[in-house]
Amino acid sequence: MSKTIKVGVISCSGMAQLHMKAVRDNAQAELYMICDTNAEQLEKVAALFGVQRTCTDYRQMLADPEVDAVIIVTPDQTHREISVAALEAGKHVLCEKPMALTLEDCRAMTAAAAKASTKMMIGQICRYTPGFLKAKALIDRGEIGELFFVETEYAHDYAKLAGLSAWRLDPLRHGFLGGGCHAVDLARWIAGNPTEVMAYSNHKMLKDWPTDDCTIAIMKFPNDVIGKVFVSTGCKRDYTMRSVFYGSKGTIITDNTSPCMTVYKDGLGNGESLFEGLPQTHAIPVKYPLDINNHNTYGEFNEFLDCIVNDKPIRTTALEGAYTVSVSLAAVESSKTGRPVAPDYDF
Ligand SMILES: NC(=O)c1ccc[n+]([C@@H]2O[C@H](COP(=O)([O-])OP(=O)(O)OC[C@H]3O[C@@H](n4cnc5c(N)ncnc54)[C@H](O)[C@@H]3O)[C@@H](O)[C@H]2O)c1
């Protein structure tokens, strides 16, 4: 029986509690300590999860030699300071997205991760969403042939979200980076690192927010694939990350809020099935059932733990997180200058 990994969670927000559930329910992990600068929230969540050890200063958690790993769910602006300190203290780190708001902060974090003997993962949770995992597997297996166009989207009406904290109104936290990094990361995961980004944006919905709230970025990916990432944080519709992947032999339409995905596949008709138990008999679109699970902290944490326990490589490394920030910032810059921008991958 291998050792139980003792985990500390820094923040007691709603999102942090989703991480706590994943830790609590993993047989090889222990939710050992939690931290929040808000003592009242800390006490409430400690009681909810039955956690004995609490602190209001994350440095107290890092000083405890019993803590093996930390999950950082604090405001974006604090990710650099806390994750660098955690890596330097010898802890494994799972840090929420976006990794940081500037390339300078990303560089400090990638440097600390490269130096550390522990693991660092960035919480790009879309890579654990059932519809996107299935799409990625089908594409990698060649089921839709050669990819030529990818379309990803993050449409989320922030005006409807209750209790959004003030740190989100930082002018550095452009909507295309804050929430939009999910759609950027998905496009990068499927199609690779874009070499050039051109974007347009406007500011018609969230008038009291400091940045534009609607951005469309077109991108050139490796292997002559082109793509489009659309982000709106003021749109009047239900939350979605509707995404379409076009290949020479088929097309996949999927998102993170529907109970099914649609696959068009050219030339099917021989009873071949992409999903066990569901025969696909013709080339018309077929809808396949999915779990929605758009914040799959269980999938994310279970993989993090497996990488720690079995010394496996992390998929969403610090470098991956930094590349996603860099592409997002390239789009923001392009939308301001009106010129195409080549993202910086020098970390
Ligand atoms: N993966 C996702 O889909 C997803 C969803 C929501 C939020 N996030 C990310 O999670 C992070 C937190 O977002 P949120 O919505 O939970 O924010 P929030 O403002 O709701 O909660 C942040 C919590 O952190 C605490 N805090 C602030 N500074 C702290 C510090 N130095 N030490 C300890 N506690 C501190 C606050 O008191 C608060 O309880 C952000 O990076 C955000 O982008 C990711």
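All values reported here derive from a predicted model rather than from experimental measurement. (Residues numbered from 1 in each chain as written. Predicted model: local features only at pLDDT ≥ 70, side-chain atom pairs only at ≥ 80, totals over all residues.)

**Q** Describe the nonpolar core, and please don't skip the residues or the numbers.
**A** The biggest cluster of nonpolar side chains holds 97 residues, and the ones touching the most others in it are Val9, Ile10, Met61, Val70, Ala187 and Phe245. Looking at this core element by element, the count peaks at nine residues for helix H10 (residues 318–337). When residues of this core are assigned to domains, at least three map to each of domain 1 (5–125 + 297–316) and domain 2 (127–293 + 327–337). Dropping the residues within four chain positions of it, Phe245 is found in contact with Ala135, Ile139, Ile144, Leu147, Val150, Ile190, Thr251 and Ile252. (Core = buried A, V, L, I, M, F, W, Y, C linked by C-beta atoms within 7 Å. Buried ≥ 20, exposed ≤ 12 C-beta atoms within 10 Å, placed from the backbone. Helix = DSSP H or I, 4+ residues; strand = E, 2+ residues; numbered from the N terminus. Domains from an automatic or database assignment. Contact = placed C-beta atoms within 7 Å.)

**Q** Explain the site of the ligand residue by residue, including any values.
**A** Around the ligand, the surrounding shell holds 23 residues, and the nearest of these are Ser11, Ser13, Met15, Glu96 and Ser165. Its residues assigned to classes, the shell around the ligand shows nine nonpolar, ten polar and four charged. (Near = placed C-beta within 6 Å. Nonpolar A, V, L, I, M, F, W, Y, C, P; charged D, E, K, R; others polar.)

**Q** Give me the lowdown on the domain arrangement of the protein, citing residues and values where you can.
**A** Domain annotation for the protein reports domain 1 (5–125 + 297–316) and domain 2 (127–293 + 327–337). Centre-to-centre separation of domain 1 and domain 2, based on C-alpha positions: 27 Å. Counting residues at the interface gives 14 residues for domain 1, matched by twelve residues for domain 2. When the residues that make up the side of domain 1 that touches domain 2 are grouped by side-chain class, the tally is five nonpolar, five polar and four charged.

**Q** Can you break down helix H8 (residues 181–191) residue by residue, with the values?
**A** Across the eleven residues that make up H8, a large majority, eleven, are buried. Backbone geometry just after H8 places Gly192 at a positive phi near 95°.

**Q** Just give me the short version of helix H5 (residues 103–115), but keep the residues and values in it.
**A** Here H5 spans 18 Å end to end across 13 residues, near enough to the 18 Å set by a 1.5 Å rise per residue. Of all the positions in H5, only Asp105, Cys106, Met109, Thr110 and Ala113 are classed as buried. When H5 is viewed along its axis, its buried side chains cluster within an angular range of 130° and face the same direction. Exposed side chains of H5 directed beyond 90 degrees from the buried face belong to Glu104 and Lys115. For H5, the secondary structure elements touched by its buried residues are helix H4 (79–88), strand S6 (120–123) and H10. (Expected span 1.5 Å × (residues − 1). Arc of directions from axis to C-beta.)

**Q** Tell me what's going on with the sheet that holds strand S2 (residues 29–35), and back it up with residues and numbers.
**A** The strand order across the open sheet formed by six strands is S3-S2-S1-S4-S5-S6, and the pairing between neighbours is parallel. Two strands bound the open sheet, and with one partner strand each, they are strand S3 (53–55) and S6. Pairwise comparison of adjacent strand axes, ignoring direction, gives a mean angle of 20° for this sheet. The pairing of strand S5 (residues 92–96) with S6 spans four bridges and is parallel. Directly across from Leu94, in S6, lies its bridge partner Met121. Sheet strands in contact with helix H1 (residues 14–24) are strand S1 (5–10), S2 and strand S4 (69–72), and its direction is about 170° off that of S1. Across the face of the sheet, H4 comes into contact with S1, S4, S5 and S6 while running at roughly 170° to S5. (Pairing = 2+ DSSP bridges. Axes fitted to C-alpha atoms, helices over the stretch in contact; angles between N-to-C directions.)

**Q** So what's going on with the sheet that holds strand S9 (residues 214–220)? Residues and values would help.
**A** Read across the sheet, eight strands follow the order S8-S9-S10-S7-S11-S12-S13-S14 without closing on themselves; strand pairing throughout is mixed. The open sheet has two edge strands, strand S8 (196–202) and strand S14 (286–289), and neither has a second partner. When the angles between neighbouring strand axes are averaged without regard to direction, this sheet yields 15°. Two strands pair when backbone bridges link them, and strand S12 (residues 250–254) and strand S13 (residues 260–265) are joined in this way by four bridges, in the antiparallel orientation. The residue bridging Ile252 from the neighbouring strand is Val263, located in S13. Against the sheet, helix H6 (residues 130–140) makes contact with strand S7 (147–155), strand S11 (243–247), S12 and S13, and its axis sits at roughly 170° relative to S12, the strand it touches most.

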